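Take a look at the letters that make up each chain.
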Amino acid sequence: MRNIILIGFMGVGKGSVAREVVKNSDYIAIDTDDLIESMENKSIKKVFADDGEEYFRALEYKLSKWLESSVQNTLISTGGGFYKQKNLKEIGIVVFLNSPFDKILKRIKAHPNSASKLKKRPLLADMKKAKELYNERLPEYLALADVVIDVTNKSAMDCSKEILKKVKKYA
Ligand code: S3P
């Protein structure tokens, strides 16, 4: 099994989809934000606040090197900006979870913990900037992806099944 690396904008549902893939396969899942929080022993929000975005991106870089050299047979979900790492394709099969910006926002707002979901993501603090970031990233996500999954109005379970079917081609 090659690694699957899940990329996509904040709030698109990478974590939920990863949990379903794990249920429906032999993959073990890890998440780059969770790993950074463990490495730093603080929340992503606090890393941004205390040390700044540049420091956070340097941690993502360090992680990208470790993932490439040391991780196998794993489903890796990533923070929304992790796709900027140059070795994504060396890490695994790149799966992009795609949905329009307004649908992503709707999804976050529909969550029972929506306030904390928004609060923990510093780059969603300003919606105008978030939308600009989305527009800037969308073509880059699409260009990088081996597999694109449109997640709009689909359950995490259906998305996970679609992923497992489509990655077979790359295994
Ligand atoms: C970021 C996305 C976040 C987290 C950090 C930066 C980004 O992860 O890594 O706040 O640059 O898009 P999620 O995509 O899981 O929200």
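Small disclaimer: the values here were computed from a predicted structure and weren't measured.

About the thresholds
- Residues numbered from 1 in each chain as written.
- Predicted model: local features only at pLDDT ≥ 70, side-chain atom pairs only at ≥ 80, totals over all residues.
- Heavy atoms only, no water.
- Near = heavy atom within 4 Å.
- Polar contact = N/O pair within 3.5 Å; in protein donor to acceptor, adjacent residues only side chain to side chain.
- Areas by Shrake-Rupley, 256 points an atom, 1.4 Å probe, with all protein chains shown as cover.
- Pairing = 2+ DSSP bridges.
- Helix = DSSP H or I, 4+ residues; strand = E, 2+ residues; numbered from the N terminus.
- Axes fitted to C-alpha atoms, helices over the stretch in contact; angles between N-to-C directions.
- Left-handed = near helix turned anticlockwise from the far one by under 90°.
- Contact = heavy atoms within 4.5 Å.
- Nonpolar A, V, L, I, M, F, W, Y, C, P; charged D, E, K, R; others polar.
- Buried < 20%, exposed > 50% of the residue type's maximum accessible area, 1.4 Å probe, protein only.
- UniProt positions renumbered as here; feature names shortened; annotations may be inferred.

Bringing the site of the ligand into the picture now. Taken together, 14 residues are adjacent to the ligand, and Lys14, Asp33, Arg57, Arg121 and Arg137 come closest. Measuring from an oxygen atom of the ligand, one finds a backbone N or O atom of Gly80 at 2.8 Å. In the environment of the ligand, an oxygen atom lies 2.7 Å from a nitrogen or oxygen atom belonging to the side chain of Arg137. Alone, the ligand offers 390 Å² of accessible surface; in the complex the protein occludes 94% of this.

Attention shifts here to the sheet that holds strand E3 (residues 74-77). What the five strands build is an open sheet, ordered E2-E3-E1-E4-E5; its pairing is parallel. Every other strand in the sheet has two partners, leaving strand E2 (28-31) and strand E5 (147-150) as the edge strands with one partner each. Pairs of neighbouring strands in the sheet enclose a mean axial angle of 25°, with direction left out of account. Across three bridges, the pairing between strand E1 (residues 4-7) and E3 is parallel. Pairing of Ile4 across the sheet is with Leu75, part of E3.

Running from N to C, helix H1 (residues 14-23) and helix H9 (residues 156-167) point in directions that differ by 65°, and their axes come no closer than 8 Å. Once H1 is placed against H9, the crossing between them reads as right-handed. Between H1, through Ser16, Val17, Glu20 and Val21, and H9, the contact on the second element is made entirely by Ala156, Met157, Cys159, Ser160, Ile163 and Leu164. Of the residues in the contact of H1 with H9, the class split is seven nonpolar, two polar and one charged.

Its identity as a non-glycine residue notwithstanding, Asn41 has a phi of 55°, on the positive side. Locating Asn41 in the fold gives a position in the loop between helix H2 (32-40) and helix H3 (44-51). The exposure class assigned to Asn41 is exposed, which follows from its relative accessible area of 69%. Its identity is not glycine, yet Asn153 carries a phi of approximately 60°, on the positive side. Relative to the assigned elements, Asn153 resides in the loop between E5 and H9.

This part takes up the UniProt feature "binding site: substrate" (unreviewed entry) in the protein chain. Within this numbering scheme, the UniProt entry marks Asp33, Arg57, Gly80 and Arg137 as carrying the feature "binding site: substrate" (unreviewed entry). The class of Gly80 is buried, set by a relative accessible area of 9%. Apart from residues no more than four positions distant in its own chain, Gly80 is found in contact with Gly8, Lys14, Arg137 and Tyr141. Of note, Arg137 is situated in helix H8 (residues 127-144). The exposure class assigned to Arg137 is buried, which follows from its relative accessible area of 4%. Beyond its immediate sequence surroundings of up to four residues, Arg137 is in contact with Phe9, Arg57, Gly80, Gly81, Tyr83 and Leu123.

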